[in-house]
Amino acid sequence: MADYPPAALRLVAALRKLPGIGPRSAERLALHLLSAPPGAAKDLAHALQEARNQIHPCPECGFFSEEGLCEICRDKNRDSSLLCVVEHAPDVLNFERSAAFKGKYHVLGGLLSPLDGIGPEELKIPGLLALAKKNRTKEVILGFGTDARGETTAIYLARELSALGLKITRLATGVAAGSGLEFVDSITLGQALSHRREI
Ligand SMILES: [Zn+2]
């Protein structure tokens with residue numbers, strides 16, 4: 001039985017490794033790229049390679065950066081006394097879009113989840129403590145959801161940060177109990193931030 005030539009099959013296989021792409025979508029994308037003008041595939045390959053080579057986690061906060069510190073860490077007009085801790089780098093953009101936060105961020109790189117084998121060593125907690133000290137942070141906002149992972153992480157971080165004698169707050173109303181942050185819209189997130197509560 002005839003099939004696509006090997007190079008086309010390799011393209012389909014590579015696309016299938018992307019999140020949310022099943023076999024049919026991978027085939028559709030591959031066919032689109034193969035039938036588009038040669039420049040389209042070249043542009044895509046170039047953009048992919050360029051982004052992969054140039055974008056790295058900011059050494060201070062973990063958000064995306066093209067060179068050295070990210071634009072948020074470089075921004076002198078932001079309030080360094082406020083530090084919002086988030087699970088992943090894209091969460092920073094959720095807070096930025098809410099326009100309700102003008103402080104700094106720290107990306108943990110995950111949340112504690114003992115069942116999945118994610119313990120404190122897997123998270124960037126030393127970086128968080130170092131940044132809070134360096135910035136003379138007055139308030140740490142735990143900017144993640146209230147699901148089991150969020151709760152476990154909040155309790156752990158509150159204990160770790162307690163020695164620094166700063167205020168620790170959590171997002172309030174608007175973030176439904178037991179939910180993660182990925183489905184929260186920016187307006188709700190802004191409200192949850194402005195009504196945050198101390199823990
Ligand atoms: Zn940064």
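Refer to the structure presented above.
Residues numbered from 1 in each chain as written. Predicted model: local features only at pLDDT ≥ 70, side-chain atom pairs only at ≥ 80, totals over all residues.

Taken together, the 5 strands give an open sheet; going across it, the order is 4-3-5-6-7, and neighbouring strands pair in mixed fashion. Looking at the sheet topology across the chains shown, the edges are occupied by strand 4 (103-107) and strand 7 (197-198). Note: strand 5 (residues 139-142) against strand 6 (residues 167-170), 4 bridges, orientation parallel. Residue Val140 lies in a different strand from strand 6, and its bridge partner there is Ile168. (Pairing = 2+ DSSP bridges. Helix = DSSP H or I, 4+ residues; strand = E, 2+ residues; numbered from the N terminus.)

Moving on, we get to unusual backbone geometry. Residue Ala99 is not a glycine yet carries a positive backbone phi of 55 degrees. Tracing the backbone through its elements, the reader meets Ala99 in the loop between helix 5 (89-98) and strand 4. Under the C-beta neighbour-count criterion, Ala99 is labelled exposed, with 10 such atoms within 10 Å. If you check the backbone angles, Arg136 has positive phi at about 50 degrees while not being a glycine. Mapped onto the fold, Arg136 is located in the loop between helix 6 (125-134) and strand 5. (Buried ≥ 20, exposed ≤ 12 C-beta atoms within 10 Å, placed from the backbone.)

Right, let's talk about the environment of Gly62 for a bit. Here Gly62 lies in the loop between strand 1 (56-57) and strand 2 (64-65). In sequence terms Gly62 and His106 are 44 residues apart; their C-alpha atoms lie 6.3 Å from each other. In this view, Gly62 contacts Pro57, Ala89, His106, Val107, Gly109 and Lys124; residues no more than four positions away in its chain are not counted. (Contact = placed C-beta atoms within 7 Å.)

With that settled, consider the pairing of strand 3 (residues 79-86). Consecutive side chains along a regular strand alternate between the two faces of the sheet. Sheet topology places strand 3 next to strand 4; 5 bridges connect them, and they run parallel. Across the sheet, residue Asp79 finds its bridge partner in strand 4, namely Gly103.

What follows concerns helix 5. Among the residues making up helix 5, those that are buried are Asp91, Val92 and Phe95. Seen end-on, helix 5 carries its buried residues on one side only, within an arc spanning 110 degrees. In the core, the buried residues of helix 5 are packed alongside strand 3, strand 4 and helix 8 (186-194). Looking one or two residues past helix 5, Ala99 carries a phi angle of roughly 55 degrees, positive in sign. (Arc of directions from axis to C-beta.)

Right, let's get into the environment of Phe95. Within the secondary structure, Phe95 sits in helix 5. C-alpha of Phe95 to C-alpha of Gly190: the two residues are 95 residues apart in sequence and 7.2 Å apart in space. Dropping the residues within four chain positions of it, Phe95 is found in contact with Cys84, Phe101, Gly143 and Leu189.

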